[in-house]
Amino acid sequence: MTTVVFPGRYDSLAKIGEFIRRAATEAGFDSLATYTVETAVDEACSNIIEHAYGGEKRGDIECTCNETDDKLTIILCDQGESFTPEEVTEPDLSLALEDRDDHGLGLYFMRRWMDEIHFEHPPGGGNTVIMVKHKARIA
Amino acid sequence: MEITITPYKHSDLVKVKGRVDSATAPQLLEALNAKVDSGRYKIILDFSELDFISSAGLRVMINIQKICKRYNRGEVVLASVPANIYSALDLAGFTTFFKIYNDVLAAVGSF
């Protein structure tokens, strides 16, 4: 299990991406599966900065990767405002270009590309996002 | 992320290299807005050296496509899309919004 704390800034996203790529590669995920995990984590961290912290440089993102025999678990913790992504609706892919909303794709990627996602609100405040990718279901 | 713009007679080639995420998407938006603000609506996005694109980058793409296609004055097309990036575009339903060419030559020739 490896934990790294990153400043809650958008320019941390490239470093977070490197950290996740290394963990996913070490877990044996192929190029596409690694890309899907990196995307899900990038979207989750962007949401933390934008929605939990309400902007950059207002807190940290603690990122933990835990590999076991059958899965890679990623845990993201922040100390920002609680937010409820469950309320965000999925984009309607059947709509024509001019009617397509430009929001909602981040959570959509997280839900579609990870096998499990849990959003928790710890008693001490902040948010915890737990995302799991099973090795048996490597894309 | 690095952006290189090559103007052609009928279109503009915009090569996007590296990583488009919430940190860099605003620079891409600025570069593409500058093109459409100068009346250039036929744009090729060369993704041959694009490593990663998040929903922030996809937002830029869809909004610029809406502007370019308005009044049938042009469109954004894609060239040399890596497999992982294609998977993201496909999942987002973007492969119906953008023509995708195997290489830049074919994309430039389409205009």
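Quick note: structure is the one above.
Keep in mind that this is a model prediction, so the values were computed, not measured.

What to know about the overall build of chain A
The helix and strand tally for chain A stands at 3 helices and 5 strands. Start at the N end of chain A and walk to the C end: the helices and strands fall as β-α-α-β-β-α-β-β. By its C-alpha atoms, chain A is 45 × 35 × 30 Å across when sized along the principal axes.

A short note on the overall build of chain B
Within chain B, the secondary structure is distributed over 4 helices and 6 strands. Traced from its N-terminal end to its C-terminal end, chain B shows the element sequence β-β-α-β-β-α-β-α-β-α. Its C-alpha radius of gyration of 12 Å places chain B within 12% of the 13 Å reference for a compact globule of 111 residues. For chain B, the spread of C-alpha atoms along the principal axes amounts to about 30 × 25 × 25 Å. Across the 111 residues that make up chain B, the buried fraction comes to 44%. Put simply, 70% of the contacts in chain B that link residues at least 6 apart link residues at least 24 apart.

What about helix α2 (residues 31–52) of chain A?
Each turn of an α-helix holds 3.6 residues, which means side chains three or four residues apart point in the same direction. Residues and elements named next belong to chain A. In this model α2 runs 30 Å from its N-terminal to its C-terminal C-alpha over 22 residues, within 8% of the 32 Å that 1.5 Å per residue would give. Counting buried positions along α2 yields 18 of 22 residues, so the element is predominantly enclosed. Phi turns positive, to about 70 degrees, at Gly54, one or two residues after α2.

With respect to the packing of helix α1 (residues 13–26) of chain A against α2(A)
All names here are of chain A. As a packed pair, α1 and α2 sit with axes 9 Å apart at the nearest point and diverge in direction by 145 degrees. Like other packed secondary-structure pairs, α1 and α2 cross with a definite hand, here right-handed. Residues Leu13, Ile16, Gly17, Ile20, Arg21, Ala24 and Thr25 of α1 pack against Ala33, Thr34, Val37, Glu38, Val41, Asp42, Cys45 and Ser46 of α2. The class makeup of the residues in the contact of α1 with α2 is 8 nonpolar, 4 polar and 3 charged.

Digging into the environment of Ala27(A)
Residue and element names in this part refer to chain A. Residue placement: Ala27 occurs in the loop between α1 and α2. C-beta crowding within 10 Å serves as the criterion here: with 19 such atoms nearby, Ala27 is assigned to the partly exposed category. As for Ala27 and Leu72, which are separated by 45 residues in sequence, their C-alpha atoms are 7.0 Å apart. Contacts of Ala27, omitting those with residues within four sequence positions, involve Glu67, Leu72 and Lys135.

As for the interface of chain A and chain B
Interface size is commonly expressed as the accessible area that is lost once the parts come together. Each side of the interface is counted separately: chain A has 22 residues, and chain B has 22 residues. Considering every element that reaches the side of chain A that touches chain B, the biggest residue donor is α2(A), with 8 residues. For the side of chain A that touches chain B, a count of residues per class yields 9 nonpolar, 5 polar and 8 charged.

As for the environment of Ile85(B)
Residue and element names in this part refer to chain B. Inspection of the secondary structure puts Ile85 in helix α3 (residues 83–91). Along the chain, Ile85 and Val36 lie 49 residues apart, while their C-alpha atoms are 24 Å from each other. Leave out the neighbours within four places in its chain, and Ile85 touches Phe47, Leu50 and Ile53.

So, unusual backbone geometry
All names here are of chain B. For Asn72, which is not a glycine, the phi torsion comes out positive at approximately 55 degrees. A positive phi angle, close to 55 degrees, is found at Ser80, a residue other than glycine. By the element assignment, Ser80 lies in the loop between β5 (75–79) and α3.

Basis of the calculations
- Residues numbered from 1 in each chain as written.
- Chains lettered and ligands numbered in written order.
- Predicted model: local features only at pLDDT ≥ 70, side-chain atom pairs only at ≥ 80, totals over all residues.
- Helix = DSSP H or I, 4+ residues; strand = E, 2+ residues; numbered from the N terminus.
- Rg over C-alpha atoms; globule rule 2.2 N^0.38 Å.
- Buried ≥ 20, exposed ≤ 12 C-beta atoms within 10 Å, placed from the backbone.
- Contact = placed C-beta atoms within 7 Å.
- Expected span 1.5 Å × (residues − 1).
- Axes fitted to C-alpha atoms, helices over the stretch in contact; angles between N-to-C directions.
- Left-handed = near helix turned anticlockwise from the far one by under 90°.
- Nonpolar A, V, L, I, M, F, W, Y, C, P; charged D, E, K, R; others polar.

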